[in-house]
Amino acid sequence: MSLARAVTFALDGIASRRVVAEVDLRVGLPAFNIVGCADAAVRESRERIQAALLNSAFAFPGRRITANLAPADLRKVGPGFDLAIACALLAASEQVPVAALERWAIFGELSLGGEVRPCRGTLALAEGARREGMPGLIVPRAAAREAALVDGLAIAAVSTLREVVAVLREEVAPPPPPDPGHAGATERLEDLDDVRGHAEPIRALVIAAAGGHNLLLAGPPGTGKTMLARRLPSVLPPLTHTEAVEVTRIHSVGGLRVGEGLAARRPLRAPHHTISASGLVGGGSSPMPGEVSLAHHGVLFLDELSEFARPALEALRQPLEDGRAVVVRRQRTAIYPARFMLVASTNPCPCGHAGSSRCRCTEGDMLRYRRRLSGPLLDRIDLLVHVTRPSAAELAGEAYTTSSSARATIAQARERQTIRFAEEGIAANAQMSPRLLRRHARLDAAGQRILSSAYERNHLSARGHHRVLRVARTAADLAGSPRICAEHVIEALTFRQDATTVQLAA
Amino acid sequence: MNDATTAGCDACLRRTHLIALLAGRIEHERHRRRLPEILALPDEGLLGAVAGREVAAVRQRIARFDAPAARRACDAAGLAAICRHDVRYPARLLDAPDAPAILHVAGDPRVLTALVEPMEAAPAVAIVGARRATGYGVEVARALGRGVAAAGVTVVSGMAFGVDAAAQDGALEAGGPTVAVLAGGADVPYPASKRRLYERIVGRRVAGQRPPAKDPSPTAAPAGASAGARQVTGCAVSEMPPGFEPFRWSFPARNRIIAALGGLTVVVEAAERSGSLITAELAAGLGRAVAAVPGQVTAPQAAGTNALLADGAALVRDARDVLDHLLGPGAFEAAGAAVPGAGLEPRLCAVLEAVASGLDTAGRLAGGPSRDAASAEEVRRVGLALTELELLGRLRRDPGGRYIVVPGAA
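Cut-offs used in this document
Residues numbered from 1 in each chain as written. Chains lettered and ligands numbered in written order. Predicted model: local features only at pLDDT ≥ 70, side-chain atom pairs only at ≥ 80, totals over all residues. Heavy atoms only, no water. Contact = heavy atoms within 4.5 Å. Buried area = accessible area lost by both parts, 1.4 Å probe. Salt bridge = Lys/Arg side-chain N within 4 Å of Asp/Glu carboxyl O. Polar contact = N/O pair within 3.5 Å; in protein donor to acceptor, adjacent residues only side chain to side chain. Domains from an automatic or database assignment. Pairing = 2+ DSSP bridges. Helix = DSSP H or I, 4+ residues; strand = E, 2+ residues; numbered from the N terminus. Axes fitted to C-alpha atoms, helices over the stretch in contact; angles between N-to-C directions. Buried < 20%, exposed > 50% of the residue type's maximum accessible area, 1.4 Å probe, protein only. 1 Å grid on protein atoms, 1.4 Å probe; cavity = no way out; pocket = protein on both sides within 12 Å on 5 of 7 lines; lining within 4 Å. Points joined across faces, edges and corners; volume = space filled by probe spheres on them. pLDDT = per-residue confidence, 0-100. Core = buried A, V, L, I, M, F, W, Y, C linked by side-chain atoms within 4.5 Å. Phe/Tyr/Trp six-rings, centres within 6.5 Å; stacked < 30°, edge-to-face > 60°. Parallel < 35°, antiparallel > 145°, perpendicular 65-115°, else oblique. Left-handed = near helix turned anticlockwise from the far one by under 90°. Nonpolar A, V, L, I, M, F, W, Y, C, P; charged D, E, K, R; others polar. Disulfide = S-S within 2.5 Å.

Trainee: What exactly am I supposed to notice about the interface of chain B and chain A here?
Mentor: For interface size, the figure often reported is the accessible area lost on association. Every contact between the two is made by 49 residues of chain B and, on the other side, 46 residues of chain A. Of the roughly 3,900 Å² buried where chain B meets chain A, counting both sides, 52% is carbon and sulfur surface. For the chain B face of the interface with chain A, the top three residues by lost area are Leu391, Arg397 and Pro399 of chain B, together amounting to 17%. Seen at the junction of chain B and chain A, the total is four salt bridges. Note that Glu487 of chain A and Arg381 of chain B form a salt bridge whose closest N and O atoms lie 3.3 Å from each other. The tally of links from chain B across to chain A stands at six residue pairs in polar contact (both at pLDDT 80 or more).

Structure below.
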């Protein structure tokens, strides 16, 4: 027998496609070629495979070797095909039984010494194996906890090429994967009880978390904007199992936290402001999920929002609107989920000291500074809160709240929304369209009077009007009130974005 | 269109037309003689002085001048035209030898024609200052505009970026009268970014940058839904014909109108060699009082105002100072300006007084300066009260989010 094939899987977006690694041996000058739309890392696997075979005391056939990765129209990226090609080569040279390769899907990267290394996207690849009806899967031991999240698939968690061969020859039982478990479940999240003062920003965080609203923190440098934003995940409800699997899948495809098993907490992504548009929403010659997708079901924190490049901010619009990022590269379209809460921070003016006598910015400077942010992005941000320096009394005192008590209130508010929106196809108040606002955000007479007068007195723009309604709905949900009353409207108006922008534009 | 809206005698309309025709030449002539001298010349003298080689052509064009057509143009732009021979023309402008021939008015002309009365009966204050104003300057200008207008005194300014616009915005907030003197046509919002302010002053919407095509009656109900019930309390004024695009000289020229309309000229922030100082100089030349708001001696935006103070200008700290200088001491109380907390529930009144004492965030207010930090719920209650006061117009938030008391807002 001089032809053998092994089944493996290739990443395609956050899903995977079945790929067959075929190896053919024939008489001729010794050579080793890999064909089938393979990138540089795949072609380099020739060197790794040869060294790994020899260093694991297997024979490397001195013949003309051709490896093909089919289908040939799918671009194969990365070193994860090493192990499948090596196994097919061993079968073609009759060092392992050919029939064994029908029972196992195989992937992993080889080291020169014959160790098997983990590669990204293990969960998506395992799901592909399950979907294609493969009975078993041989995965690198370091990534096996992820593969074990998929039910109905025999997993062999291997660490060396010799171990793989022993499994294929049925000399040993397939080594089981380590216990899946929650990675990092014991790690303590940053908690609101570390925060002194900042009552208003904390309240804004709670409202944002309860209604899924995007949030803008404005304040001078060093007042605690970043500290506050980092604590948002601690008040969000814990990930459901489905959400956790989605987060794990994307993070694994993105090459984060390889081998850590199921994600235990909502991600917080805080990219630096020099990030490019494709870094933010995904892209690259072989598409990779961007920060918006890595923040899926979590928080995307953009510190110093006005420092981000305009194209990067513009690119955020679609994910904010649709909850997913669509990346088109070389006639292929990859769709990455991207449902996240946006928290951004900004200085109040170019020098950062607005409102104090140190500020030397002119009205024009401030208007220009704000214009950089304005437009569609700010339209998607329901809450603006000013972060000011806490007073000495506050610094010396107790924290206003703890994350666990805030989380309990938020969970109740979320529950009310789940019931309300059961048939509307949305999850939280922040997603209410004007039509849904008319249905679900009705005000009592006093609330209506306050909102109308705020609008007429130029405290609000027309768009701001809708944002206030959404936030007022969440304030009412937090209070357990089915109706939106004056108090909730007033609270929503406290966090309105237009407070200073409308005045500046006047 | 009736005569009350549009008037202006043929001679004054022709004079306005002549100046518009010679606008480019006046720009050249400014290098040789002072602008007030040029603008004070009679028609023939002006032609001889600035027209140069174009004198024959200009003379021909002015001979073909069609006064009824000019009136129709004003009507179409929704402007009232008040000429210096009209009884409604503010006499105080005639203190200057170069007083404008015609004032074109957008908005409610009564705001302007009220100034026909002598200064004591119809007081007006010119509030001017830097376009590149600091937050402090904008804040002070807005407070002055509001306080002065709340006392019923007309706020005159140029609607420019920075101090001018802030003063007029403050006047509108108080619902008081304000006059914007523009360098270009009175039907064109200038600067364009202040279009919203212009619309609020004249009480109607402007479509894009074009003047509205129909229903030009200046007192017509405004088109904006939110402005339906609002009374028009302002007007925009220009000596130039409708649609005129300003030249460089147009700005010092309009400054002379601002200076002449105000009984007192207050400069809020001005760098050295600022246009606002020209206004102050013109005001002094007309025998009007000049006042200035002090600034930090290290701030370039305060160099001009501090220099004015050093030269003997009156010092202005708040609207009360302005009214004292304009109307005599004690006028502020007589004008019915209220104490900060008047007319409020005790709950809100207490919060307002605390803000007035310098506690500027909800956390500080709830905790007070010496006690332990208050509970979150207490802070939330205070926050609600602060927003209520803000919506009532008693408090404002500075760009850093801190609360400040709006003076004269009762």
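Trainee: I keep staring at the domain arrangement of chain A and nothing clicks. Help me out?
Mentor: All names here are of chain A. Taken domain by domain, chain A consists of domain 1 (3-168), domain 2 (192-425) and domain 3 (432-506). Summarising the inter-unit geometry, the C-alpha centres of domain 1 and domain 2 are found 40 Å apart. Taken together, the contact between domain 1 and domain 2 spans 21 residues of the former and 21 residues of the latter. Across the domain 1 to domain 2 interface the summed buried area is about 1,700 Å²; carbon plus sulfur atoms make up 59%. When residues of domain 1 are sorted by the area they lose upon contact with domain 2, Ile14, Arg120 and Glu146 head the list and together hold 36% of the total. If you look at where domain 1 meets domain 2, you find one salt bridge.

Trainee: Is there a simple way to explain the sheet that holds strand β14 (residues 299-302) of chain A in this structure?
Mentor: Backbone hydrogen bonds are what pair the strands of a sheet, in a parallel or an antiparallel way. Residues and elements named next belong to chain A. Strands sit in the order β11-β14-β17-β10-β18 across an open sheet of five strands; the sheet is parallel. Two strands lie at the open edges of the sheet, namely β11 (268-269) and β18 (383-386), each paired on one side alone. Of the pairings in the sheet, the one linking strand β10 (residues 215-218) to strand β17 (residues 341-346) comprises four bridges and is parallel in character. Across the sheet, residue Leu217 finds its bridge partner in β17, namely Ser345. On the sheet, helix α7 (residues 199-211) packs against β10, β17 and β18 and is oriented at approximately 165° with respect to β18.

Trainee: Could you clarify how one ought to interpret the pairing of β14 of chain A in this entry?
Mentor: Look at any regular strand and the pattern is simple: side chains alternate between the two faces of the sheet. Residue and element names in this part refer to chain A. Alternating positions in β14 separate into two faces, Val299 and Phe301 on one and Leu300 and Leu302 on the other, with burial throughout. Across two bridges, the pairing between β11 and β14 is parallel. Looking at the pairing, Leu268 lines up with Val299 of β14.

Trainee: When you look at the layout of surface pockets in this model, what are you seeing that I'm missing?
Mentor: Vacant regions in the atomic arrangement are exposed by a probe of water-molecule size rolled over the atoms. Residues and elements named next belong to chain A. In this structure, the largest pocket spans a volume of roughly 1,200 Å³. Around the largest pocket sit 47 residues that line it, and Gly212, Arg339, Ala428, Ala430 and Gln431 are the ones nearest its centre. Residue assignment for the lining of the largest pocket shows that the elements contributing at least two residues are α10 (241-253), α14 (317-322), α16 (376-379), α18 (403-420) and α21 (462-479). Ranked by the residues each element gives to the lining of the largest pocket, the list is headed by α14, at five residues. Counting residues domain by domain, the lining of the largest pocket receives three or more from each of domain 2 (192-425) and domain 3 (432-506).

Trainee: Hey, could you run me through the side chain of Asp477 of chain A in this one?
Mentor: Mapped onto the fold, Asp477 of chain A is located in helix α21. The contact partners of Asp477 of chain A, leaving out residues within four places of it in the chain, are Ala413, Arg416, Gln417, Arg420 and Asn429 of chain A.

Trainee: Teacher, can you tell me more about the pattern of salt bridges here?
Mentor: When charged atoms on two side chains of opposite charge get close, those side chains can pair. Taken as a whole and assessed by the stated rule, the structure comprises 45 salt bridges over all chains. Glu44 of chain B serves as the salt-bridge partner of Arg59 of chain B, at 2.9 Å between the closest nitrogen and oxygen. Residue Arg59 of chain B is found in helix α5 (residues 55-63), and its partner Glu44 of chain B is found in helix α4 (residues 43-50); the two are separated by 15 residues along the sequence. Judged by relative accessible area, Arg59 of chain B falls into the partly exposed class, the value being 37%. Notably, a salt bridge pairs Glu239 of chain B with Arg256 of chain B, separated by 2.7 Å at the nearest N-O pair. Taken as a pair, Glu239 of chain B in the loop between β6 (234-238) and α11 (250-261) and Arg256 of chain B in helix α11 lie far apart in primary sequence, 17 residues in all. Residue class for Glu239 of chain B comes out buried when judged on its relative accessible area of 9%. Counted as one network, the salt bridges with shared partners bring together Arg203, Glu487 and Glu491 of chain A together with Arg380 and Arg381 of chain B.

Trainee: Would you explain the domain arrangement of chain B in this entry?
Mentor: Looking at the assigned domains, one finds that chain B contains domain 1 (10-211 + 227-334) and domain 2 (346-405). Taking the mean C-alpha position of each, domain 1 of chain B and domain 2 of chain B sit 38 Å from one another.

Trainee: Sorry if this is basic, but what is going on with the confidence of the model for chain B here?
Mentor: Regions with low pLDDT should not have their predicted coordinates read in detail. Here chain B averages 84 in pLDDT, while 86% of its residues score no lower than 70. Here residues 209-230 of chain B is a poorly scored stretch, pLDDT under 50, and it has 29 contacts once near neighbours within four places are set aside; other chains count.

Trainee: For this particular structure, what's the right way to read the nonpolar core?
Mentor: The nonpolar side chains of a soluble globular protein tend to be buried, and buried together. By size, the foremost hydrophobic cluster in this structure holds 69 residues, and its most contacted members are Leu215, Leu232 and Val343 of chain A together with Leu365 and Leu386 of chain B. With nine residues, α7 of chain A is the largest single contributor of residues to this core. Grouped together as the second largest cluster of nonpolar side chains are 46 residues, Ile49, Ala91, Ala100 and Leu110 of chain A included.

Trainee: Is there a simple way to explain the sheet that holds strand β9 (residues 314-315) of chain B in this structure?
Mentor: All names here are of chain B. Taken together, nine strands build an open sheet; the order of strands is β1-β2-β6-β5-β4-β3-β7-β8-β9 and the sheet is mixed. With partners counted over all chains shown, the strands left at the sheet margins are β1 (80-83) and β9, one partner each. With four bridges connecting them, β1 and strand β2 (residues 102-107) associate as antiparallel partners. When the sheet's bridge partners are listed, Ile82 is paired in β2 with Leu103.

Trainee: Explanation requested: the pairing of β10 of chain A in the structure shown.
Mentor: Residues and elements named next belong to chain A. On β10, burial covers both faces: Leu215 and Leu217 on one face and Leu216 and Ala218 on the other are all buried. Bridging between β10 and β18 involves four bridges; their strand directions are parallel. The residue of β18 that forms the bridge with Leu216 is Leu384.

Trainee: Whenever I open this one, the packing of aromatic side chains confuses me. Can you help?
Mentor: Two aromatic rings, taken as a pair, are described by how far apart their centres are and by the angle between their planes. Residue and element names in this part refer to chain A. In total, this model carries three aromatic pairs over all chains according to the counting rule given. Aromatic side chains Phe32 and Phe60 sit 5.8 Å apart centroid to centroid with 55° between the ring planes, which places their arrangement in the tilted category. Here the residue Phe32 occupies a position in strand β3 (residues 31-35), and Phe60 occupies one in the loop between α2 (45-55) and β4 (64-70), the gap between them amounting to 28 residues. Accessibility expressed as a relative area gives 18% for Phe60, which makes it buried.

Trainee: Explanation requested: the packing of α11 of chain B against helix α12 (residues 275-285) of chain B in the structure shown.
Mentor: The relative placement of two packed helices comes down to the angle between their axes together with the axis-to-axis distance. All names here are of chain B. Where α11 meets α12, the closest approach of the two axes is 9 Å, and the angle between their N-to-C directions is 45°. Classified by the angle between their axes, α11 and α12 sit oblique to one another. Note that α11 runs across α12; the crossing there is right-handed. Judged by residue contacts, Pro252, Asn255, Arg256, Ile258 and Ala259 of α11 engage Gly275, Thr279, Leu282 and Ala283 from α12. Partitioned by chemical class, the residues of the contact of α11 with α12 number five nonpolar, three polar and one charged.

Trainee: Whenever I open this one, the state of the cysteines confuses me. Can you help?
Mentor: Formally, a disulfide is one covalent bond, and it connects the sulfur atom of one cysteine to the sulfur atom of another. Residues and elements named next belong to chain B. Inspection of the entire model under this criterion finds zero disulfides over all chains. Cysteine Cys12 remains unbridged, with the sulfur of Cys9 as its closest cysteine sulfur at 3.5 Å. With relative accessibility at 4%, the residue Cys12 sits in the buried group.

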